[in-house]
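# Overview (structure and organization)
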Amino acid sequence: MVGRVELLTAVFGERPALDAALAAALVRRAARGEGGTVLRAYAPAPTLAFGRLDRLRPGFAAATDAARAHGFVPVLRAPGGHAAAYHEGTLVLEVVAPDPDAVAGLRRRFTRAAEALTAVLRELGADARVGPVPGEYCPGEFSVNGAGRVKLAGIAQRMVAGAWLVGAELVVERAAPIRAVLTDVHAALGLAFEPATAAAVEDLAPGVTLAAVRAAVLAAAGDPPEAGLDPALLAEAEALTPRHAVG
């Protein structure tokens, strides 16, 4: 992150589709040159975020039913990848910034985000590393893993002309519900998944809390000042919400 950074903590509880839409609205605003770099940090309601390719799979309807059966609201996310689950024990981080050449820095941003998150977790006592774990959900080269055995966070990006978003979903507490819903969702989608690879930071560093991780992440980002939610930005997000809602 460069230049002045603002912190946004808005979260919409039982409206996860609006949470996803706000991320899209932030990217659009940055691309128009109407905002600088924003770090969004929040703990969501139970959400099952499907990638766009998931929607094309024959088992998508069954997968959304499985998510709801576990109490997770299905949504469509803008960044790539496959199904990922998060809940109140997860810290969702999104960095949005204007950039006239967003494509050029793609790999650099992946590397920096994964390494920065890993460094924070190591300071908190977790054996965090960068790299995929065989059998993980939403596999990726820049996954943040624990001891090379379990996945703790996924890193994803979205780019538009003039701006980018880097997102991470870090499971800090209560991995069991995440494992359970992902097991049934992946089975419905016909995607490979080893449930034992889904874990939380507290599994590697007992006693570490979501609040502690959040504070450490914000400190590493320079404790940016919190900004209020602009009404025009919220209105734009509301208009985009149907694109992210399922059913």
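A few points on the structure.

Regarding its fold elements, the protein chain presents 7 helices and 10 strands. The C-alpha atoms of the protein chain give 17 Å as radius of gyration, which agrees with the globular expectation for 247 residues (18 Å, within 12%). Along the longest, intermediate and shortest principal axes, the C-alpha atoms of the protein chain span 40 × 40 × 30 Å. Residues counted as buried form 53% of the 247 residues belonging to the protein chain. By sequence separation, contacts in the protein chain at least 24 residues apart represent 77% of the contacts at least 6 residues apart. Only carbon and sulfur atoms are counted for the fraction: they give 57% of the accessible area of the protein chain, which is about 10,300 Å². Taking the average location of the 24 positive side-chain charges in the protein chain and that of its 26 negative ones, the two points are 5 Å from each other.

All right, on to the sheet that holds strand 2 (residues 37–42) then. Think of a sheet as strands paired side by side through backbone hydrogen bonds, with each pair either parallel or antiparallel. Pairing is mixed across the open sheet formed by 7 strands, whose spatial order is 1-2-6-10-9-8-7. The open sheet has two free edges, formed respectively by strand 1 (5–8) and strand 7 (128–130), since each of these has just one partner strand. If you compare each strand with its neighbour and ignore which way they point, the axes differ by 20° on average. In this sheet, strand 10 (residues 163–171) lies alongside strand 9 (residues 150–160) in antiparallel orientation, the contact comprising 8 bridges. Directly across from alanine 156, in strand 10, lies its bridge partner glycine 167. Packed on one face of the sheet, helix 1 (residues 16–31) meets strand 1, strand 2, strand 6 (90–98), strand 9 and strand 10 and runs near 170° to strand 2.

Below, the discussion takes up the sheet that holds strand 3 (residues 47–50). What the 3 strands build is an open sheet, ordered 4-3-5; its pairing is mixed. The sheet terminates laterally at strand 4 (73–76) and strand 5 (84–86), the two strands that pair on one side only. The sheet shows a mean angle of 25° between the axes of neighbouring strands, taken without regard to direction. Pairing of strand 3 with strand 4 involves 4 bridges; the strand directions are parallel. Residue pairing across strands places phenylalanine 50 opposite leucine 76, the latter belonging to strand 4. Those strands touched by helix 2 (residues 60–69) are strand 3 and strand 4, and its axis lies near 160° from that of strand 3.

Turning next to the pattern of salt bridges. Taken as a whole and judged by the stated rule, the model has 11 salt bridges. Two residues, arginine 174 and glutamate 88, come together in a salt bridge whose shortest N-O distance is 3.5 Å. With arginine 174 in the loop between strand 10 and helix 4 (176–189) and glutamate 88 in the loop between strand 5 and strand 6, the pair connects residues that are 86 residues apart, well separated along the chain. By relative accessible area, arginine 174 is classed as partly exposed at 38%. The partner of lysine 151 in a salt bridge is glutamate 136, with the nearest N and O atoms 3.9 Å apart. With lysine 151 in strand 9 and glutamate 136 in the loop between strand 7 and strand 8 (144–146), the pair connects residues that are 15 residues apart, well separated along the chain. In the salt-bridge network here, residues are joined through shared partners; they are Asp19, Arg40 and Glu94.

So, about helix 3 (residues 106–123). Under the 1.5 Å per step criterion, the end-to-end length of helix 3 is 26 Å for 18 residues, consistent within 8% with the ideal 26 Å. Among all positions of helix 3, only Arg109, Phe110, Ala114, Leu117, Thr118, Val120 and Leu121 are buried. Within helix 3, the buried residues cover an arc of 160° as seen down the axis, which keeps them to one side. Across helix 3 from its buried face, at more than 90 degrees, point the exposed residues Arg112, Glu115, Arg122 and Glu123. Phi turns positive, to about 100°, at glycine 125, one or two residues after helix 3.

Bringing the side chain of glutamate 136 into the picture now. On the accessibility criterion, glutamate 136 (3% relative accessible area) is buried. Within the structure, glutamate 136 has its side chain in polar contact with the backbone nitrogen of glycine 140 (distance 2.9 Å). Polar side-chain contacts of glutamate 136 include one of 2.9 Å to the side chain of serine 143. Setting aside residues up to four positions removed in sequence, glutamate 136 forms contacts with Ser143, Lys151, Ala192, Phe193 and Thr197.

The rules behind the values
- Residues numbered from 1 in each chain as written.
- Predicted model: local features only at pLDDT ≥ 70, side-chain atom pairs only at ≥ 80, totals over all residues.
- Heavy atoms only, no water.
- Helix = DSSP H or I, 4+ residues; strand = E, 2+ residues; numbered from the N terminus.
- Rg over C-alpha atoms; globule rule 2.2 N^0.38 Å.
- Buried < 20%, exposed > 50% of the residue type's maximum accessible area, 1.4 Å probe, protein only.
- Contact = heavy atoms within 4.5 Å.
- Areas by Shrake-Rupley, 256 points an atom, 1.4 Å probe, with all protein chains shown as cover.
- Lys, Arg positive; Asp, Glu negative; His and termini not counted.
- Charge placed at Lys NZ, Arg CZ, Asp CG, Glu CD.
- Pairing = 2+ DSSP bridges.
- Axes fitted to C-alpha atoms, helices over the stretch in contact; angles between N-to-C directions.
- Salt bridge = Lys/Arg side-chain N within 4 Å of Asp/Glu carboxyl O.
- Expected span 1.5 Å × (residues − 1).
- Arc of directions from axis to C-beta.
- Polar contact = N/O pair within 3.5 Å; in protein donor to acceptor, adjacent residues only side chain to side chain.

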